[in-house]
Amino acid sequence: MIPLLVLVIAYLVGGIPFGYLLVRLKTGQDVRSMGSGNIGATNVLRTTGRAIAVGTLLLDIAKGIFAVWFASRLTHASPLWTSAAALAVMAGHAFPVFLRFHGGKAVASFIGAFLYLTPIPLLMVLILFTIVVAVTRYISLGSIVAAGAFPLAVWMILHPPTPVWIAALIAGAFIVYRHQSNIQRIRSGTEFAFHFRK
């Protein structure tokens, strides 16, 4: 029962739509009707401003950290159940029951979950993410490249237990999959470009 409880709580925590809530509190608007329609920090940035976007990002990262920490405490740091909790919190963010299963791309909850589970590989791909965004100005492309490289980084740096590596592989593939519309916009030249000083 405890592993099941861990997964349910991880999913429900992941489903807390901080981007939606913060934009609603700040402007009274529904972020899903603005910009790309996504509830994540990137769309909040382009539609509502930097401060609310940073708040969204930090809270979404915190969801991932909490879910895996909680799983670790309740399952005696079981690689299987902490890895499953990482995937569950991402699923909650992407398919939140509170918003009729229409959520974000789960990048921030991915960062939080694996910052706890596999911190060094996660930090390495965050450096890669920063480089890609600095060169291309596309946050989405940075996310795609970092997510694609993440399973390899986990395997090369940690040689972790099988459940952890499988979770890393699934998580990376899921992030890339969730960015299909961004890939199409990058190809067509219509993707949102991030400017550091803007």
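Our subject is the structure that appears above.
Residues numbered from 1 in each chain as written. Predicted model: local features only at pLDDT ≥ 70, side-chain atom pairs only at ≥ 80, totals over all residues. Heavy atoms only, no water.

Draft legend 1. Expanded view of the nonpolar core. Met-90, Phe-110, Phe-114, Leu-122 and Phe-150 are the most contacted members of the largest nonpolar core, which has 31 residues in total. Those elements that provide at least two residues to this core are helix H1 (2-14), helix H4 (50-74), helix H5 (79-94), helix H6 (107-117), helix H7 (119-136), helix H8 (139-158) and helix H9 (162-178). What Phe-110 contacts, discounting residues up to four positions off in sequence, is Met-90, Leu-122, Phe-150, Ala-171 and Ile-175. Formed by nine residues, the second largest nonpolar core is a distinct cluster that contains Val-23, Ile-39, Ile-52 and Ala-53. (Core = buried A, V, L, I, M, F, W, Y, C linked by side-chain atoms within 4.5 Å. Buried < 20%, exposed > 50% of the residue type's maximum accessible area, 1.4 Å probe, protein only. Helix = DSSP H or I, 4+ residues; strand = E, 2+ residues; numbered from the N terminus. Contact = heavy atoms within 4.5 Å.)

Draft legend 2. Local environment of the environment of Val-133. Mapped onto the elements, Val-133 comes out in helix H7. Spatially, the C-alpha atom of Val-133 lies 10.0 Å from that of Val-145, the residues being twelve residues apart in sequence.

Draft legend 3. Structural detail: the packing of H4 against H5. At their nearest, the axes of H4 and H5 sit 8 Å apart, and the two run at 150 degrees to each other. As summarised for this structure, H4 and H5 are arranged roughly antiparallel, according to the angle between their axes. In the packing of H4 onto H5, the handedness of the crossing is right-handed. Taken together, the residues of H5 that come into contact with H4 (itself represented by Asp-60, Lys-63, Gly-64, Ala-67, Val-68, Ala-71 and Ser-72) are Trp-81, Thr-82, Ala-85, Ala-86, Val-89 and His-93. (Axes fitted to C-alpha atoms, helices over the stretch in contact; angles between N-to-C directions. Parallel < 35°, antiparallel > 145°, perpendicular 65-115°, else oblique. Left-handed = near helix turned anticlockwise from the far one by under 90°.)

Draft legend 4. Representation of H6 within the structure. Counting buried positions along H6 gives eight out of eleven residues, so the element sits mostly inside the fold. Where H6 is buried, its residues touch H4, H5, H7, H8 and H9.

Draft legend 5. Summary view of the pattern of salt bridges. The tally for this structure, following the rule as stated, stands at three salt bridges. In this structure, Arg-32 engages Asp-30 in a salt bridge whose closest nitrogen and oxygen atoms are separated by 2.8 Å. The class of Arg-32 is partly exposed, set by a relative accessible area of 33%. Note that Glu-191 is salt-bridged to Arg-185, the shortest N-O span being 2.8 Å. Assessed through its relative accessible area of 8%, Glu-191 is described here as buried. (Salt bridge = Lys/Arg side-chain N within 4 Å of Asp/Glu carboxyl O.)

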